[in-house]
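What follows is the residue order along each chain.
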Amino acid sequence: MTRRSRFLCSATVLAVAAALPGCAKPPPPLPAPTPPTARAAAPTPVLQPAALELLQAMSARLAAARTMSFTATTTYESPSRLGPPLSYATIAKVTLQRPDKLRVLTPGDGKASEFYADGRTMMAYSPSENLVAVAAAPPTIDATLKAAYDSAAIYFPFADVIVADPYKDLAEGLTLAYVSGQSKVVDGTTTINMVAIANARVFAQICIGADDHLPRRIKAVFADDPARLRHQVDLCDWRLNGPLPAGSFTSARAAAARRIPFAAPAPKAPAAAAPAPAK
């Protein structure tokens, strides 16, 4: 789980939460780092072979698909004004064609957004404001994800399942991996194998279809989050290797919108303080 492919970028979570009602109270500050001399030794990795096999089978199924579409519902927690967390959600309709085409349509909650990459150009479009940011697209989906994040802080919480080699991303730095059980109620349609994994940054549970090896749910908590807020992505409506209509990875409406730089939004300036009353 690299910085690029972390389940949910904490900076993105904070930016979204700040724009939603009930989230005016900022999260508590991170604790001071432990002095190097007092840090515990790095734990010896405990990697259950059965857990790694399930992750590898999932990765192989995803990586082999030349086309793919699914729906991702992301639920994340953010501190309320009183402190206990509130939950917020977004939904995304995802379509891709390897090696270089990606479409992500996000109708809500919050402002709708659309992202297109057709192997030559990538566009980030805001329909409600009719604004579009356009940039040259790298030649692979992995490189497009990185360029979108590095240039414009665009991040998709399901990135780990659409990269060329999901297992490589998930296995990086693993210190723990084990099968935590099975479930028949995660999506109500199939038996699910549940795999728990951890590295120095995140603890996650991945729910994988026992028969089709497709991920159905990913839940995560980040080690550097003192509030231990939970983040979850539910994945459904999988379609692999199906035909895609021509023009799936571009939008004439987006291309005709008013252009803005392909860059991260500038932070809002703090509100000016009210003048002191005259004495």
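A quick note: this is a predicted structure, and the numbers were derived from the prediction, not measured. (Residues numbered from 1 in each chain as written. Predicted model: local features only at pLDDT ≥ 70, side-chain atom pairs only at ≥ 80, totals over all residues. Heavy atoms only, no water.)

Caption draft 1: The environment of Glu129, seen in detail. Tracing the chain through its elements places Glu129 in the loop between strand 6 (121-126) and strand 7 (131-136). A sequence separation of 16 residues divides Glu129 from Ser113, and the C-alpha atoms of the two residues are 10.0 Å apart. Among the polar contacts made by the side chain of Glu129, one reaches the side chain of Ser126 at a distance of 3.1 Å. (Helix = DSSP H or I, 4+ residues; strand = E, 2+ residues; numbered from the N terminus. Polar contact = N/O pair within 3.5 Å; in protein donor to acceptor, adjacent residues only side chain to side chain.)

Caption draft 2: Here's a closer look at the environment of Phe222. Its place among the elements puts Phe222 in strand 11 (residues 215-222). Taking the C-alpha atoms as reference points, Phe222 and Asn199, 23 residues apart in sequence, are found 9.7 Å from one another.

Caption draft 3: Structural view of the pattern of salt bridges. Tallying each qualifying case throughout the model produces 8 salt bridges. The partner of Lys101 in a salt bridge is Asp100, with the nearest N and O atoms 3.1 Å apart. You can call Asp100 buried: its relative accessible area is 15%. Between Arg216 and Asp187 there is a salt bridge, with its nearest N and O atoms 2.9 Å apart. Of this pair, Arg216 sits in strand 11 while Asp187 is found in the loop between strand 8 (176-183) and strand 9 (192-198), placing the two residues 29 residues apart along the sequence. Residue Asp187 is classed as partly exposed on the basis of its relative accessible area of 28%. Via salt bridges that share partners, Asp187, Asp212 and Arg216 belong to a single interconnected network. (Salt bridge = Lys/Arg side-chain N within 4 Å of Asp/Glu carboxyl O. Buried < 20%, exposed > 50% of the residue type's maximum accessible area, 1.4 Å probe, protein only.)

Caption draft 4: Just unusual backbone geometry, in detail. Residue Pro99 is reached from Arg98 by a cis peptide bond, and omega for that bond is 15 degrees. Residue placement: Pro99 occurs in the loop between strand 3 (85-97) and strand 4 (101-108). Of note in the backbone geometry, Asn130 takes a positive phi value of approximately 55 degrees without being a glycine. By the element assignment, Asn130 lies in the loop between strand 6 and strand 7. Of the residues examined, Asn130 reaches a relative accessible area of 35% and is grouped as partly exposed. At Asp237, a position not held by glycine, the phi torsion is positive, near 55 degrees. Turning to its location among the elements, Asp237 is positioned in strand 12 (residues 230-240). A residue is classified by how much of its surface remains accessible, and Asp237, at 43% relative accessible area, is partly exposed.

Everything listed here is a matter of geometry and, on its own, says nothing about what the molecule does.
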